[in-house]
Amino acid sequence: MTRLKDKVALITGASTGLGRRISSLFASEGAQVVATDINEADLGLIKEYTDPRNFSVHTIVVDMSS
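This text gives an overview of the structure that appears in the document.

Rules and cut-offs
- Residues numbered from 1 in each chain as written.
- Predicted model: local features only at pLDDT ≥ 70, side-chain atom pairs only at ≥ 80, totals over all residues.
- Heavy atoms only, no water.
- Helix = DSSP H or I, 4+ residues; strand = E, 2+ residues; numbered from the N terminus.
- Contact = heavy atoms within 4.5 Å.
- Expected span 1.5 Å × (residues − 1).
- Buried < 20%, exposed > 50% of the residue type's maximum accessible area, 1.4 Å probe, protein only.
- Arc of directions from axis to C-beta.

Here the focus is the environment of Ile46. Along the chain, Ile46 falls in helix 3 (residues 46–49). Once the C-alpha coordinates of Ile46 and Ser24 are considered, the two residues, 22 residues apart in sequence, prove to be 7.5 Å apart. Not counting the four nearest positions on each side in its chain, Ile46 is found in contact with Ala14, Arg20, Ser23, Ala35 and Val57.

This part is about helix 1 (residues 17–28). Given a rise of 1.5 Å per residue, 12 residues ought to cover 16 Å, and the 17 Å separating the end C-alpha atoms of helix 1 matches this to within 8%. Buried within helix 1 we find Gly19, Arg20, Ser23, Ser24 and Ala27. Down the axis of helix 1, the sector holding all buried residues measures 130°, keeping them to one side. Exposed residues pointing more than 90 degrees away from the buried face of helix 1 are listed as Leu18 and Arg21. Elements in contact with the buried residues of helix 1: strand 1 (8–12), strand 2 (32–37), helix 2 (40–43), helix 3 and strand 3 (57–61). Count one or two residues on from helix 1 and you reach Gly30, which has phi positive near 105°.

Shape descriptors only; they carry no functional weight alone.
Have a look at this one:
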């Protein structure tokens, strides 16, 4: 699907749960996804949950609490 083609999505709290699922869904819909979280280990797993044919997820470790 390409409902989000040419769009950029910034997802915070993306390393687990809903954030991870949203990141994967948005990428599968054609968005360029910037997935952020403080949890570096789990954030790295996002790429395993994203369909490689629609791979457009970029990860950044960041603490949004400051």
